[in-house]
Amino acid sequence: MLIRRLARPLLASIFVWGGIGVFRDTEGHAKAATPLVERATAPVKDSLPQQVPTHPRTLVRIDGAVKIGAGVLLGLGKAPRLAAVLLSGSLVPTTLAAHAFWEIEDPEQRAAQQIHFLKNLGLLGGLLTTAVDTKGKPSVGYRARQGAHRAVEQTQQAVPGKGGKKCGSGKLRH
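Below is a summary of the structure that appears in this document. (Residues numbered from 1 in each chain as written. Predicted model: local features only at pLDDT ≥ 70, side-chain atom pairs only at ≥ 80, totals over all residues. Heavy atoms only, no water.)

The subject of this paragraph is the overall build of the protein. A count of helical and extended segments in the protein gives six helices and two strands. Computed over the C-alpha atoms, the radius of gyration of the protein is 24 Å, more than 25% above the 16 Å expected from 2.2 N^0.38 for a compact globule of 174 residues. In terms of overall dimensions, the protein has C-alpha extents of about 75 × 45 × 30 Å along its principal axes. By the burial criterion, 26% of the 174 residues in the protein qualify as buried. A total accessible area of about 11,700 Å² is found for the protein, and carbon and sulfur atoms account for 63% of it. (Helix = DSSP H or I, 4+ residues; strand = E, 2+ residues; numbered from the N terminus. Rg over C-alpha atoms; globule rule 2.2 N^0.38 Å. Buried < 20%, exposed > 50% of the residue type's maximum accessible area, 1.4 Å probe, protein only. Areas by Shrake-Rupley, 256 points an atom, 1.4 Å probe, with all protein chains shown as cover.)

In structure tokens:
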């Protein structure tokens, strides 16, 4: 559908640009992320394996790479549902770290950050819609239920018997 071909690159563009911005100013992004990283990791820091990154600069770089990589995939329409899920996971901590308007005293700055926060919620809505978009095809759950019903019907036809118990659209014979 044409709308998907237009909408996905439009949605992806902000993430690719944001990821590039992370690599242009890693220190600034890391500074903004430090309070959130410290609050999130403090309770579990001693129990985390050494391989799990906890340094804000490293986490910001990972976030930037996810934004660029998943943004490009989404924009190109390659694995768009996976890309949307990855971008959603990246957007939440970014929003909490960069746009915590409830912590700002100055009314003008607070209002500006509240607008950015709400904009990010709108982006999250677009990503969640993309994550569940099956391009008009039935979902996996629907296909599984239909397959189960067909299996029941085929089993009923193959196994002769009398009586039966209703199950969905067919009869189960015992």
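With that out of the way, let us pick up the nonpolar core. In summary, soluble globular proteins display a tendency toward joint burial of nonpolar side chains. The biggest cluster of nonpolar side chains holds twelve residues, and these are L11, A12, F15, A70, L74, A83, A84, L87, L91, L123, L127 and A131. For this core, the elements supplying multiple residues, two or more each, are helix 1 (2-24), helix 3 (56-76), helix 4 (80-98) and helix 5 (107-132). Among the elements that make up this core, the one with the highest residue count is helix 4 (four residues). Ignoring sequence-local partners within four residues, the contact set of L74 consists of R8, L11, A12, P80, A83, L87, L127 and T130. Residues V22, A30, A33 and V37 belong to the second largest nonpolar core, which totals five residues. (Core = buried A, V, L, I, M, F, W, Y, C linked by side-chain atoms within 4.5 Å. Contact = heavy atoms within 4.5 Å.)

So, about the packing of aromatic side chains. Centre-to-centre distance and the angle between the planes together describe a pair of aromatic rings. In total, this model carries three aromatic pairs according to the counting rule given. The interplanar angle of 90° and the centroid separation of 5.6 Å between the aromatic rings of W102 and F117 together place this pair among those described as edge-to-face. Remark: F117 occurs in helix 5 and W102 occurs in the loop between helix 4 and helix 5; sequence separation between them is 15 residues. Linked through ring pairs, F101, W102 and F117 together constitute an aromatic cluster. (Phe/Tyr/Trp six-rings, centres within 6.5 Å; stacked < 30°, edge-to-face > 60°.)

A cluster of basic residues, K78, R81, K135, K137 and R143, forms a positive patch on the protein surface. Mapped onto the elements, K137 comes out in the loop between helix 5 and helix 6 (140-158). (Patch = residues over 30% accessible without salt bridge, like charges linked within 9 Å, V, L, I, M, F, W, Y side chains within 5 Å. Salt bridge = Lys/Arg side-chain N within 4 Å of Asp/Glu carboxyl O. Lys, Arg positive; Asp, Glu negative; His and termini not counted. Charge placed at Lys NZ, Arg CZ, Asp CG, Glu CD.)

A separate point is helix 2 (residues 26-41). If you check helix 2, its first and last C-alpha atoms are just 20 Å apart, much less than what 16 residues at 1.5 Å a residue would give, namely 22 Å. In the structure, helix 2 departs most strongly from a straight axis at A33, where the bend amounts to approximately 45° and where the proline P35 lies between one and four residues downstream. Considering only its buried residues, helix 2 is in contact with helix 1, helix 3 and helix 4. (Expected span 1.5 Å × (residues − 1). Bend = angle between axes of the 7 residues up to and from the residue.)

The subject of this paragraph is the layout of surface pockets. Estimates place the volume of the largest pocket at around 830 Å³. Around the largest pocket, the lining is made up of 32 residues, and of these D63, K67, S90, P93 and T94 lie nearest the centre. Contributions of two or more residues to the lining of the largest pocket are made by helix 1, helix 2, helix 3, helix 4 and helix 5. With eight residues, the single largest contributor to the lining of the largest pocket is helix 4. Per-class residue counts for the lining of the largest pocket are 19 nonpolar, ten polar and three charged. The computed volume of the second largest pocket comes to approximately 160 Å³. (1 Å grid on protein atoms, 1.4 Å probe; cavity = no way out; pocket = protein on both sides within 12 Å on 5 of 7 lines; lining within 4 Å. Points joined across faces, edges and corners; volume = space filled by probe spheres on them. Nonpolar A, V, L, I, M, F, W, Y, C, P; charged D, E, K, R; others polar.)

Attention now goes to a nonpolar patch on the surface. A cluster of nonpolar side chains, L2, L6 and L10, forms an exposed patch at the surface whose accessible area comes to about 350 Å². Here L2 is to be found in helix 1. Relative accessible area serves as the criterion here: at 61%, L2 is assigned to the exposed category.

With that settled, consider the pattern of salt bridges. Using the criterion set out here, one finds four salt bridges in the structure. A salt bridge links D133 to R8; the shortest N-O distance between them is 3.7 Å. Of this pair, D133 sits in the loop between helix 5 and helix 6 while R8 sits in helix 1; the two residues are 125 residues apart in sequence, bridging distant segments of the chain. Overall, the relative accessible area of 11% leaves R8 in the buried class. Through salt bridges with shared partners, a single network forms among R4, R8 and D133.

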